[in-house]
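Understanding the architecture of this molecule
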Amino acid sequence: MSDRKNELILLAQSLQIDVLRVASMRLAPKHQDTFERWVGEGCHGEMNYLAGRLADGRHAGTVIPEPRSVITIGVNYYHEPRRQPASDEGAVSRYAVMRDYHKVITGKLKRIARMIETQWGGAARYYVDTGPVLERAFAESAGVGYVGRNTCVVSETHGSWIFLAVIITDIELAPDENTTTLRCGTCRRCIDACPTAAISEGYTVDARRCISYLTIEHRGPVPVELRPLMGNWLFGCDICQDVCPHNGRALPTRVEDFKKIRIGEAVLSLRELLAIADDAQFLERFAGLPLTRTKRRGLLRNACVVAGNSGDLSLVEPLRELIGREADELLQEHAQWAVGRLTARPCQC
Ligand code: B12
Ligand code: SF4
Ligand code: SF4
């Protein structure tokens, strides 16, 4: 068994995977309980696929006939901090400024799965985000790291700047123990720093309040009461990781695809975004990046919110141009909100 694990580790290293560990199929009850409670309380917002998974009873144990082991991997994506955006710019979270990690990591998982299937005659199903699998829970169980109050898996070597992925196989592999001594202790910096109060005391994030969800997953209008709290985040949010003391030790990524930062210093000009007139222009600028997930409509909606929060009156004109040009009601409403917020005069009485 350990020979096979060693072979897996060697292959992983050659694929620039930073951590490969094995979890048993059985998770501690806290994980499934937390997930069920979280969905039950509606914290998943419009991510109906998460509720659907619960309703259908799909989980890691149902994806292949006789699952025996969960191979969990972690890939470091850390790169230097972004420069502070100017008042007419917005911030993009670290993970989204480089090639889409789903594509990059899927390539690596395929190679591992092929080895399991062709050399060992085993079955293997792999997931990065897309499957009915609690990736953080398996990563914690395998000892990739521990789950912090911000709910991220924090590793000893890379902090929480690691993407996770899993391969479920019917090959028997000895599970690794979780030996990490990292803990949150009395720290609650992420809870205090979260601008929208999305992080609960109980190690969960209410997606409906999370800027990452609001800017990426949520499709309709951003709730008006949350807009002023979203600051300058155009896509995703890194605040609860930036403030984490365990993230001080992060080293830059080794993955070539993640080294090529495709967005100038992880900030984007709001003026340029507001001027993107159609999908072709949008794709020309962002193809291959995670940013395409929101489509043009979502990113321009977010740009309006950030412009409204900017206090920069020079953005009123590009916003008015957008209002004059756009037929889309969602964009009209967000641009109008932004103009209203920028031009509102403080009460003189
Ligand atoms: C839905 C989703 C989101 C949602 C909801 C996030 C959330 N915290 O639930 C939104 C859109 C908000 C989101 C945001 C982000 N996400 Co996301 N997301 C997912 C996804 C697809 C499912 C997560 C899920 O099931 N959530 C439901 C909750 C209940 O489960 P959970 O977060 O796994 O939490 C478990 C632990 O809390 C655990 N637990 C462990 N210890 C303890 C202790 C106690 C006391 C308790 C009660 C529970 C508990 O129980 C829970 C269930 O197992 C995963 C991929 C996957 N398939 O797992 C990526 C994933 C979690 N996301 C990821 C990333 C990178 C992000 C962002 C950093 C992106 C960004 N920069 O904007 C932010 C971080 C926000 C945050 N603080 O979580 C990474 C996390 C990597 C890591 N090191 O942890 C993942 C694993 C994707 C990947 N393949 O790498 N995400
Ligand atoms: S990603 Fe941002 S909004 Fe979401 S929980 Fe973390 S700090 Fe709060
Ligand atoms: S900021 Fe503090 S409380 Fe939050 S995850 Fe990091 S160590 Fe834990």
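Our structure's up above, just so we're on the same page.
Residues numbered from 1 in each chain as written. Chains lettered and ligands numbered in written order. Predicted model: local features only at pLDDT ≥ 70, side-chain atom pairs only at ≥ 80, totals over all residues. Heavy atoms only, no water.

With that settled, consider the site of ligand 1. Neighbouring ligand 1 are 40 residues; Asp129, Arg136, Val153, Leu164 and Ser212 lie closest to it. Note that a nitrogen atom of ligand 1 is positioned 3.3 Å from one of the side-chain N or O atoms of Lys30. A distance of 2.8 Å separates an oxygen atom of ligand 1 from a polar atom in the backbone of Val153. Considering each element in turn, the shell around ligand 1 owes the most residues, 5 residues, to helix α2 (residues 29–40). Here the shell around ligand 1 is composed, by residue class, of 23 nonpolar, 10 polar and 7 charged. (Near = heavy atom within 4 Å. Polar contact = N/O pair within 3.5 Å; in protein donor to acceptor, adjacent residues only side chain to side chain. Helix = DSSP H or I, 4+ residues; strand = E, 2+ residues; numbered from the N terminus. Nonpolar A, V, L, I, M, F, W, Y, C, P; charged D, E, K, R; others polar.)

Okay, the site of ligand 3 next. Near ligand 3, the surroundings consist of Tyr146, Gly148, Arg149, Asn150, Cys184, Cys187, Arg188, Arg189, Cys190, Cys244, Pro245 and His246. Of the residues assigned to the shell around ligand 3, the class counts are 6 nonpolar, 3 polar and 3 charged.

The next subject is the packing of α2 against helix α3 (residues 48–56). Contact geometry for α2 and α3: axes closest at 10 Å, N-to-C directions at 120°. Taken together, the axes of α2 and α3 lie oblique to each other. For the crossing formed where α2 meets α3, the hand is left-handed. Touching Gln32, Phe35, Glu36, Trp38 and Val39 of α2 are Leu50, Ala51, Arg53 and Leu54, all from α3. Taken together, the residues that form the contact of α2 with α3 break down as 6 nonpolar, 1 polar and 2 charged. (Axes fitted to C-alpha atoms, helices over the stretch in contact; angles between N-to-C directions. Parallel < 35°, antiparallel > 145°, perpendicular 65-115°, else oblique. Left-handed = near helix turned anticlockwise from the far one by under 90°. Contact = heavy atoms within 4.5 Å.)

Attention shifts here to the sheet that holds strand β9 (residues 267–269). Here we have 3 strands laid out as an open sheet, ordered β8-β3-β9, and mixed in their pairing. In this open sheet, the two strands that pair with only one neighbour each are β8 (233–235) and β9. Each strand axis lies, on average, 45° off the axis of its neighbour in the sheet, ignoring direction. In the packing of helix α12 (residues 295–310) onto the sheet, the strands contacted are β3 (89–92) and β8, and the crossing angle to β8 comes to about 175°. (Pairing = 2+ DSSP bridges.)

Turning our attention to the packing of aromatic side chains. As enumerated under the stated definition, the model contains 10 aromatic pairs in all. Here the aromatic rings of Tyr95 and Tyr101 are separated by 5.7 Å at their centres, their planes lie at 80°, and the arrangement is edge-to-face. Here Tyr101 and Phe163 contribute two aromatic rings whose centre-to-centre distance is 3.9 Å and whose plane-to-plane angle is 5°, an arrangement assigned as stacked. Taken as a pair, Tyr101 in helix α4 (residues 101–120) and Phe163 in strand β7 (residues 162–169) lie far apart in primary sequence, 62 residues in all. A residue is classified by how much of its surface remains accessible, and Phe163, at 6% relative accessible area, is buried. (Phe/Tyr/Trp six-rings, centres within 6.5 Å; stacked < 30°, edge-to-face > 60°. Buried < 20%, exposed > 50% of the residue type's maximum accessible area, 1.4 Å probe, protein only.)

Turning next to the sheet that holds β7. Spatially, 4 strands are ordered β1-β2-β7-β4 in an open sheet, and the strand pairing comes out antiparallel. Whereas interior strands pair on both sides, the edge strands pair on one side only; in this sheet they are β1 (19–24) and β4 (124–127). Between one strand and the next, the sheet's axes are offset by a mean angle of 25°, whatever the strand orientation. Running at roughly 95° to β1, helix α5 (residues 135–142) makes contact with β1, β2 (69–76), β4 and β7 of the sheet.

Glancing now at the pairing of β7. The side chains of a regular strand alternate between both faces of the sheet. Among the 8 residues of β7, 8 are classified as buried, and the element is accordingly described as predominantly covered. Alternating residues of β7 divide into Ile162, Leu164, Val166 and Ile168 and Phe163, Ala165, Ile167 and Thr169, and every residue in both groups is buried. Here β2 runs beside β7; their pairing, made up of 8 bridges, is antiparallel. Paired with Asn76 across the bridge in β7 is Ile162. Here β4 runs beside β7; their pairing, made up of 4 bridges, is antiparallel. Each bridged residue has a counterpart across the sheet, and for Arg125 the counterpart in β7 is Ile168.

Relative to the elements of secondary structure, Lys260 occurs in the loop between α9 (256–259) and β9. Here the alpha-carbon distance between Lys260 and Glu7, two residues 253 residues apart in the chain, equals 29 Å. With residues near it in sequence (within four places) discarded, Lys260 still touches Val97 and Met98.

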